Amino acid sequence: MTNYIYDSRGNAVGFWKGKYIYELNGNPVGQLNGNHAHKLTGAYVGELYKDMIVDMHLGNFGNIGHPGNPGNPGHPGNPGNRGAVNYGYSDVFIDLLS
């Protein structure tokens, strides 16, 4: 089963599998440590919350290190738009890409 990640407009922007976060094309861009989302390099970005990567203003959980490249699992397909949602937190998925 694919666990999609959405932006605040409801568009699927990525997915997570195991402890890794990927763009929709399968390019690895991040890692999960519990609900804490980190760049693939290890820097903290935000939290996985209701299928979004958001800034919950919890502070900085530091750098967990680079785990190596998990490879590309392939394109899981696009589930389409789930509808815009606002949980009161900023969408920070884009920060995984920089």
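Basis of the calculations
- Residues numbered from 1 in each chain as written.
- Predicted model: local features only at pLDDT ≥ 70, side-chain atom pairs only at ≥ 80, totals over all residues.
- Heavy atoms only, no water.
- Buried < 20%, exposed > 50% of the residue type's maximum accessible area, 1.4 Å probe, protein only.
- Helix = DSSP H or I, 4+ residues; strand = E, 2+ residues; numbered from the N terminus.
- Pairing = 2+ DSSP bridges.
- Core = buried A, V, L, I, M, F, W, Y, C linked by side-chain atoms within 4.5 Å.
- Contact = heavy atoms within 4.5 Å.
- Polar contact = N/O pair within 3.5 Å; in protein donor to acceptor, adjacent residues only side chain to side chain.

(A) Examining the pairing of strand β6 (residues 44–49) more closely. Counting buried positions over the six residues of β6 gives five, a clear majority of the element. In terms of strand pairing, strand β5 (residues 36–39) meets β6 through three bridges, oriented antiparallel. When the bridges of β6 are listed, Ala37 appears paired with Gly46. Hairpin connection of β5 to β6: four residues between the antiparallel strands, including Gly42 at a positive phi of 115°. Sheet analysis places β6 next to strand β7 (residues 52–55), joined by three bridges and oriented antiparallel. Following the sheet pairing, Leu48 is matched in β7 by Ile53. Where β6 hands over to β7, the hairpin turn is made up of two residues, of which Lys50 adopts a positive phi near 50°.

(B) Main features of the nonpolar core. Residues Ile5, Ile21, Val29, Leu32, Ala37, Val45, Leu48, Ile53, Val92, Phe93 and Leu96 constitute the largest nonpolar core, which totals eleven residues. Elements with a contribution of two residues or more to this core: β4 (28–33) and β6. Non-local contacts of Leu32, meaning those with residues more than four positions away in its chain, are made with Trp16, Gly18, Lys19, Ile21, Ala37 and Leu48. By size, the runner-up hydrophobic cluster in this structure holds eight residues, among which are Tyr6, Tyr22, Leu24 and Leu40.

(C) Up close: the sheet that holds β4. Spatially, β1-β2-β3-β4-β5-β6-β7-β8 is the arrangement adopted by the eight strands of the open sheet, whose pairing is antiparallel. A single partner strand is all that each edge strand has here, and the edge strands are β1 (3–6) and β8 (90–91). Of the pairings in the sheet, the one linking β1 to strand β2 (residues 12–17) comprises four bridges and is antiparallel in character. Following the sheet pairing, Asn3 is matched in β2 by Trp16.

(D) Fine view of unusual backbone geometry. Of note, Asp51 is a non-glycine position whose phi angle comes to about 65°, a positive value. Tracing the backbone through its elements, the reader meets Asp51 in the loop between β6 and β7. Even without a glycine there, the phi angle at His57 is positive, about 55°. Counting through the fold element by element, His57 comes out in the loop between β7 and β8. In this structure His57 comes out as exposed when scored by relative accessible area, which is 62%.

(E) Up close: the side chain of Asp7. Its location among the elements puts Asp7 in the loop between β1 and β2. Within the local environment of Asp7, its side chain forms a polar contact with the side chain of Arg9, the two groups lying 2.8 Å apart. The residues contacting Asp7, other than those within four sequence positions of it, are Val13, Met52 and Asp91.

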